[in-house]
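Below are the chains, spelled out letter by letter.
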Amino acid sequence: MHPVTRLEIIADQVEMHKITQVLDQTGVSNYTVIENVLHKNLQGMVTNDSAITGLGNTYVFAYCLPDNVKPVLEQIRPILNKFGGTCYISEVMEVRSTRCISSL
């Protein structure tokens, strides 16, 4: 086991390409994107009621080494400030299997 940092990002789907581009450029290669998520914030429930696709919210969770968090946040914060969204950070432990896939 070793410590990693978990980033959880909720943002407009339209801007998600910018966020994933930042993750790729800063060396964060472990992330998952879930599109069309429903969330509630201080302003109330946010949904995708539009008939046009691509205008909903997207949830990204990513894992990186703790030393890599600052460069990621420096580039993601302006995107979130301009277009809306939020990012949560937590410290977690990664457990990797010691079994090799080829040995299965």
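All values reported here derive from a predicted model rather than from experimental measurement.

Visitor: Now, about the overall build of the protein: what can you tell me, with residues and values included?
Guide: The helix and strand tally for the protein stands at 2 helices and 6 strands. The helix and strand sequence of the protein, counted from the amino end, reads β-α-β-β-β-β-α-β. Looking at the protein residue by residue over its 104 residues, the buried ones come to 32%. Carbon and sulfur atoms form 55% of the exposed surface of the protein, whose accessible area is close to 7000 Å².

Visitor: Residues and numbers for the layout of surface pockets, please.
Guide: Its boundaries defined by the atoms lining it, the largest pocket holds a volume of some 210 Å³. Forming the boundary of the largest pocket are 14 residues, of which V4, N30, Y63, C64 and E94 lie nearest the centre. Counting residues per element, the ones that place at least two in the lining of the largest pocket are strand 1 (2-12), strand 5 (57-64) and strand 6 (85-94). Among the elements that line the lining of the largest pocket, the one with the most residues is strand 6, at 3 residues. Among the residues making up the lining of the largest pocket, the classes are represented as 7 nonpolar, 5 polar and 2 charged.

Visitor: Explain the packing of aromatic side chains to me, using residue names and the numbers behind them.
Guide: Inspection of every chain in the model, using the stated rule, returns 2 aromatic pairs. Seen from their ring centres, Y59 and F61 are 5.7 Å apart, and the 40 degrees between their planes marks the pair as tilted. Summarising the burial analysis for this pair, Y59 and F61 share the class buried. A ring pair is formed by F61 and Y63, whose centres lie 6.2 Å apart and whose planes are at 80 degrees; its orientation type is edge-to-face. One aromatic cluster in this structure is built from Y59, F61 and Y63.

Visitor: Describe the nonpolar core, with residues and values.
Guide: Counting residues in each nonpolar core, the largest one holds 17 residues, and the members touching the most others are I9, I19, L23 and I76. Take this core: its biggest share by element is 6 residues, from helix 2 (residues 69-83). With residues near it in sequence (within four places) discarded, I76 still touches I9, I19, V22 and L23.

Visitor: Quick rundown of the pattern of salt bridges? Include the residues and the values.
Guide: All chains considered together, the criterion is met by 2 salt bridges. R6 is paired through a salt bridge with E8; the nearest N and O atoms lie 3.5 Å apart. Look at E8 and you get partly exposed, because its relative accessible area is 22%. Here K18 makes a salt bridge to E15, at a shortest N to O gap of 3.0 Å.

Thresholds, definitions, all that
- One numbering rule holds for all chains: residues counted from 1, following each sequence as written.
- In view of the model being predicted, local features appear only for residues whose pLDDT reaches at least 70, and side-chain atom pairs are presented and counted only at 80 or more, with totals across whole chains, interfaces and linings using the full set of residues.
- Computation of side-chain values: all heavy atoms of the structure, hydrogens and water removed.
- Put simply, DSSP marks the helices as runs of H or I at least four residues long and the strands as runs of E at least two long, and each gets a number from the N terminus on.
- Exposed residues in this analysis have more than 50% of their type's maximum accessible area, buried residues have under 20%, and partly exposed residues fall in between, with area computed by a 1.4 Å probe over protein chains only.
- Values of accessible area rely on a 1.4 Å probe in the Shrake-Rupley scheme; residue burial ignores everything except the protein chains shown.
- Each cavity reported here is a set of points on a 1 Å grid over the protein atoms alone in which a 1.4 Å probe fits but cannot get out, each pocket an open set with protein on both sides within 12 Å along at least five of seven lines, and each lining residue one with an atom within 4 Å of a point.
- Grid points are joined across faces, edges and corners, and a volume is the space filled by probe spheres set on the points.
- When residues are sorted by character, Ala, Val, Leu, Ile, Met, Phe, Trp, Tyr, Cys and Pro go into the nonpolar class, Asp, Glu, Lys and Arg into the charged class, and all the rest, Gly among them, into the polar class.
- The aromatic pairing rule takes the rings of Phe, Tyr and Trp, using the six-membered ring of Trp, and pairs them if the centres are within 6.5 Å, calling planes under 30 degrees apart stacked, those over 60 edge-to-face and the rest tilted.
- Here, nonpolar core means buried Ala, Val, Leu, Ile, Met, Phe, Trp, Tyr and Cys residues that are tied together by side-chain atoms lying within 4.5 Å of each other.
- By definition in these notes, contact holds between two residues if any of their heavy atoms fall within 4.5 Å.
- Note on definitions: salt bridges are taken to be side-chain nitrogens of Lys or Arg within 4 Å of carboxyl oxygens of Asp or Glu.

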